Amino acid sequence: MILSRSPIFQLGVQSASPLAVIVGVYLLFAGHNNPGGGFAAGLVLGAVVILRTLAGLQKPTFGPALITGGTLLVVAVAAAPILWGDAMLDQKVVSFDLPLLGTVKTGSALPFDIGVTAIVVGLVIALLDGLSTSDSLVSKGNPA
Amino acid sequence: MVWLLLAAHIVGVAAAAVAGRRDIRAGLLVAAVAPALTTLVALVDLVSSSPARVSELSWVPALDLTFAFRTDALALMMTLLVSGIGTLVFVYAAGYFSPGAAGSSRFPASLLAFSASMLGLVWADSVWTLFIFWELTSITSFLLVGHKNADASVRTAARRALLITGGGGLVLLAGLLVLAGDIGSSLTGLTPVSGTSATVAATLILIGAATKSAQVPFHVWLPGAMAAPTPVSAYLHSATMVKAGVLLVAVLGPAFVGVATWQWLGLAFGATSILWGAIGALRHRDAKLILAWGTVSQLGLLITLLALGSGKAVFAAISLLFAHALFKAALFLVVGEIDIRTGTRDINELSGLARSMPVAFAVAAVAGASMAGVPPLLGFMAKEAAIEAVLGTTGAAGAVAAVAVIGGSILTVAYTVRFLVGVFGPFSRSTSSTTSSTTEPTEVAPMRPAMAAPAVLLGLAGLVGYAAAGTITDLVGPAAVELQADAAQYSLIRWPGLKTAFVVSMGIVASGSLLGVVLSRRTTAIPRPIGADTADATIDGVLAFAPRLTGHIQHGSLPVYLATMGATASLAALPFVFDLPTDHLVLWDHPLQGVLALAIVASAAAGVIVRSRLGAALTLGAVGIGVSALFVTHGAPDLALTQLLVETIIVVGFVLGLGHLSRRFPKKSGSWRAARLAMSLAGGLVVMVGLAAASAAPAGTAPVAELADSAVSEGGGKNVVNVILTDTRALDTLGEVVVLATVAVGILALARIRQLEAST
């Protein structure tokens, strides 16, 4: 098959994935002022999952949880302002002081973006699930 | 308070579901709490004559989508019916199910959910709120009718009820849209409408109301709905849900006061239903079906009176609506008790129940007399008002209404007599000599107090209502005045004196009784359900046609799908070709773009030529990366980033998918290849020209400066693109991610199916 579990590939993915996760999380937070955003973050994190799966480091099992959680989060953020009488999806911006980081400004767009990220990662995992056969992904050794 | 009561119902639904899991009767008693509370609040409001409670929750203000509630006099009266009868029905249902009955979360929960939906419907003060709760009642009714879902005939009946009322709901929605376009969405202080749009709205809304209120020819679902447990039939299909259509006609009446279609179509539905419903009640042998057909007739009477629209007619309609809910619920509860205690509802098999079930007989006799309009009962006062109203109406409409109401009333008395004699009478009319037991009184199981008490209360209400005519007038009078100011001068009269209407109604009772006695001595065969058969055949036909049509459209050939979509898109984009201004076209803003374009074209060409599948995937990836580089040169880093990431994922997806396929593309015949080439070329050309035309002639200027300002001031972010996504146009994003989630769920489901197939 196309998947050779070469040690170089495995080690490379293993050492690169923490960095890639940091990049993904950075994109999620940076999106408000710089290029990035929930969708891009989701794609990066999704790519990490794909690579790790290909390398046989993990199984893509938490797709449904991400999709459900992300959708619930997005809908909750969208509906929450109605409870205190604002229009649906009304944005709340809060800023507060943190030690080390200084003044941090964030808003309800952040959980909304996190929800988007979760859905995108979930979608990528679902695609992985749908396109792969059980023998091509689950690492049961390497059938030559 | 409105919200608190609705919240109490929602909590109640959950509690009833939990309590009902082990013991269905415990679940029903838990479910009775919320309606009992609501009844209490309504009574307090009534006694203290407090002003209408108004509450509004704006959902999407820009689209005028609000949850608006208003408990005016009519809503308060309906609340008493919905929650008062509801409480009694919950108690009754706890007795209806035997102690050993299997636990069910669904039944008590959906019965209470129905109760909440109905309350929302009667409190609604906006057409959209009303519509949402209208549909909720259809759905909960479907769940309740289909309670015994192991039985195929029950499932058919539930499906028929859902499709007819649901289809009617769609027609109603169209009508409400037309109406709201004219006078807005509020339901109070309606201004009269006129013109073509008023006629269209009147027709559509009346059809929607007729499906819900079981008017001929949409009545066929109601007898079928008797497949539900009797508490459901008593509550939904006689006292409350079927009144939703009547209520709608009543509430919207002031808007359509000058529309001839409203009056004539309403009269047509009503008059036909009065007569055909009563005839149906005389044809059937099942006591529950007799009552169900009687409901069709009574609802027809209400619609007829509302269609007439005069003050007296509206007053009579509201009084009758109240009286009907009381006596019909009582009769249904009695029939359910008989069913449980004897095991049958067939009037040919029942005999001698007057002696063995005296309490039930007394209740049925009082409620039946109220239904027939015999003094001294509430039904008499209401019927008297109705007859006065139709006799007082001049012109063709009055004549039609008079014939239908008087004829229908005679038949009503007849089927009431036949019902009472058939169920409780000492003799059996069965001619089949094979069953010897038919001449003996039917065996009866012991009484269940939980079933008897609610029926007695509802039966007594007819008598008490007559005695307290003033109180009832205070209840229904203001409700009628809200709909028609002229109704203020009328009240319920205990003893009208020897007026024309009284003579007419005594004539009706006399001739109807005679007819009823004659008919009750005759054995009738079980009639064929003509209308219901037709409805079911239509539904089955559609269900059989759908897979064949789908098989033709969704044939599964990916190349043909692509070709179809490509051809459609090309045709749709064709008009752009003709308004392509050439003076705006520049070769490039920056020479780098030209270089990138060349690279993209080269990659694309390589993708066409290459024979290996992996190679094709990689060239496509190269095209995508080239495009994202183009985005960078155009100054759109966000777009470029997303494009780049998507391309990466797609290439990996290709690589994964290619594992299932051969390494090289199979050879294609010349003509098919030529067709695909032509299609691709046409598609590419059309997209190119379309994009060029669109960017050369933008519709207006983009509000760039405003968006950038509002991004910082309102969204609190400097990246305008992302602030648009998460704030300015967040509703679009919400829709898009929900689509993504749906797609993902679909993919996961497909993968799951394949795994299941592989494992078996």
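From a predicted model like this one, the values you see are computed outputs, not experimental measurements.

Some remarks on the overall build of chain A
In terms of regular secondary structure, chain A is built from 5 helices and 2 strands. Reading chain A from its N terminus to its C terminus gives the helix and strand order α-α-α-β-β-α-α. Out of the 144 residues belonging to chain A, those deemed buried represent 42%. Put simply, of all contacts in chain A between residues at least 6 apart along the chain, 64% involve residues at least 24 apart. By element, 71% of the accessible surface of chain A is carried by carbon and sulfur atoms, the whole surface being about 7200 Å².

Examining the side chain of T473 of chain B
All names here are of chain B. Take T473: it is sitting in helix α20 (residues 469-483). Of note is the side chain of T473, whose polar atom sits 2.7 Å from the backbone oxygen of A469. Ignoring any residue separated from it by four or fewer positions in sequence, one finds T473 in contact with F315, P478, Y490, S491 and L492.

A few points about the pattern of salt bridges
Residue and element names in this part refer to chain B. In this structure the tally under the stated criterion is 9 salt bridges over all chains. The closest approach of N and O atoms between D540 and R159, which form a salt bridge, is 3.0 Å. Linking D540 in helix α22 (residues 530-553) with R159 in helix α7 (residues 152-183), this pair joins segments that are 381 residues apart in sequence. Judged by relative accessible area, D540 falls into the partly exposed class, the value being 41%. Overall, R159 belongs to the partly exposed group, its relative accessible area being 24%. The structure contains a network of salt bridges with shared partners spanning D286, D339 and R345.

A few points about the interface of chain B and chain A
Between chain B and chain A, the contact holds 44 residues from the first and 49 residues from the second. Carbon and sulfur atoms supply 76% of the area buried between chain B and chain A, which totals about 3800 Å² over both sides. Three residues stand out in chain B for area buried against chain A, namely I649, L656 and T726 of chain B, and they jointly supply 16% of the buried area on that side. Taken together, chain B and chain A are joined by 0 salt bridges. Our count for the contact surface shared by chain B and chain A stands at 0 residue pairs in polar contact (both at pLDDT 80 or more). Put simply, the parts of the chain that give the side of chain B that touches chain A at least two residues each are β1 (53-60), α26 (637-658), α28 (704-715), α29 (720-728) and α30 (730-759) of chain B. The biggest single contributor to the side of chain B that touches chain A is α30 of chain B, with 16 residues. The class makeup of the residues in the side of chain B that touches chain A is 25 nonpolar, 13 polar and 6 charged.

Let's talk about the confidence of the model for chain A
Put simply, chain A has an average pLDDT of 79, and 81% of its residues get 70 or more. Confidence over residues 134-144 of chain A falls short of pLDDT 50; this stretch has 17 contacts with residues more than four positions distant or in other chains.

Some points on the environment of V23 of chain A
In this structure, V23 of chain A sits in helix α1 (residues 7-30). As a C-alpha pair, V23 of chain A and G36 of chain A span 13 residues in sequence and 9.9 Å in three-dimensional space.

Looking at the nonpolar core
Within the largest apolar cluster, 185 residues are counted, with the highest numbers of intra-cluster contacts made by I85, L252, F256 and L305 of chain B. Looking at which element gives the most residues to this core, the answer is helix α14 (residues 311-342) of chain B, with 21 residues. With near-sequence residues (within four places) excluded, F256 of chain B lies in contact with L179, V193, A198, A201, A202, I205 and W262 of chain B. Membership of the second largest hydrophobic core comes to 32 residues, among which are V44 and I50 of chain A together with A730 and L740 of chain B.

Thoughts on the packing of aromatic side chains
When we look at a pair of aromatic rings, we describe it by the centre distance and by the angle of the planes. All names here are of chain B. Across all of its chains, the model carries 13 aromatic pairs over all chains by this definition. On the basis of an interplanar angle of 55° and a centroid distance of 5.9 Å, the ring pair of F69 and F133 is categorised as tilted. Of this pair, F69 sits in strand β2 (residues 65-71) while F133 sits in helix α6 (residues 127-145); the two residues are 64 residues apart in sequence, bridging distant segments of the chain. Residue classification places F133 among the buried positions, given a relative accessible area of 10%. Here the aromatic rings of F256 and W262 are separated by 4.4 Å at their centres, their planes lie at 15°, and the arrangement is stacked. Relative accessible area serves as the criterion here: at 0%, F256 is assigned to the buried category. Residue W262 is classed as buried on the basis of its relative accessible area of 4%. Counting every residue linked through ring pairs, the aromatic cluster contains Y92, Y96, F97 and F107.

Comments concerning the domain arrangement of chain B
Each assigned domain of chain B is listed here: domain 1 (260-523), domain 2 (586-696) and domain 3 (704-760). Taken over C-alpha atoms, the centre of domain 1 of chain B sits 57 Å from the centre of domain 3 of chain B.

Details of a positive patch on the surface
Residue and element names in this part refer to chain B. A cluster of basic side chains, namely R611, R664, K667, K668, R673 and R676, defines a positive patch on the protein surface. Examined against the element boundaries, R676 turns out to sit in helix α27 (residues 670-696). The class for R676 is partly exposed, based on a relative accessible area of 35%.

Details of the environment of P223 of chain B
Residue and element names in this part refer to chain B. Examined against the element boundaries, P223 turns out to sit in helix α9 (residues 221-224). When the C-alpha atoms of P223 and L289 are compared, they prove to be 6.0 Å apart, with 66 residues separating the residues in sequence. In this structure, P223 is in contact with L289, A292 and W293, ignoring residues within four places of it in sequence.

Things to note about the packing of helix α2 (residues 24-31) of chain B against helix α5 (residues 106-123) of chain B
All names here are of chain B. Relative to each other, α2 and α5 sit at 20°, their axes nearing to 8 Å. With respect to α5, the element α2 is oriented roughly parallel. Crossing geometry of α2 relative to α5 is assigned as right-handed. Seen from α2, the contacting residues are I24, G27, L28 and A31; seen from α5, they are F107, P108, L111 and L112. Classifying every residue of the contact of α2 with α5 by side-chain character gives 7 nonpolar, 1 polar and no charged.

Conventions adopted
- Residues numbered from 1 in each chain as written.
- Chains lettered and ligands numbered in written order.
- Predicted model: local features only at pLDDT ≥ 70, side-chain atom pairs only at ≥ 80, totals over all residues.
- Heavy atoms only, no water.
- Helix = DSSP H or I, 4+ residues; strand = E, 2+ residues; numbered from the N terminus.
- Buried < 20%, exposed > 50% of the residue type's maximum accessible area, 1.4 Å probe, protein only.
- Contact = heavy atoms within 4.5 Å.
- Areas by Shrake-Rupley, 256 points an atom, 1.4 Å probe, with all protein chains shown as cover.
- Polar contact = N/O pair within 3.5 Å; in protein donor to acceptor, adjacent residues only side chain to side chain.
- Salt bridge = Lys/Arg side-chain N within 4 Å of Asp/Glu carboxyl O.
- Buried area = accessible area lost by both parts, 1.4 Å probe.
- Nonpolar A, V, L, I, M, F, W, Y, C, P; charged D, E, K, R; others polar.
- pLDDT = per-residue confidence, 0-100.
- Core = buried A, V, L, I, M, F, W, Y, C linked by side-chain atoms within 4.5 Å.
- Phe/Tyr/Trp six-rings, centres within 6.5 Å; stacked < 30°, edge-to-face > 60°.
- Domains from an automatic or database assignment.
- Patch = residues over 30% accessible without salt bridge, like charges linked within 9 Å, V, L, I, M, F, W, Y side chains within 5 Å.
- Lys, Arg positive; Asp, Glu negative; His and termini not counted.
- Charge placed at Lys NZ, Arg CZ, Asp CG, Glu CD.
- Axes fitted to C-alpha atoms, helices over the stretch in contact; angles between N-to-C directions.
- Parallel < 35°, antiparallel > 145°, perpendicular 65-115°, else oblique.
- Left-handed = near helix turned anticlockwise from the far one by under 90°.

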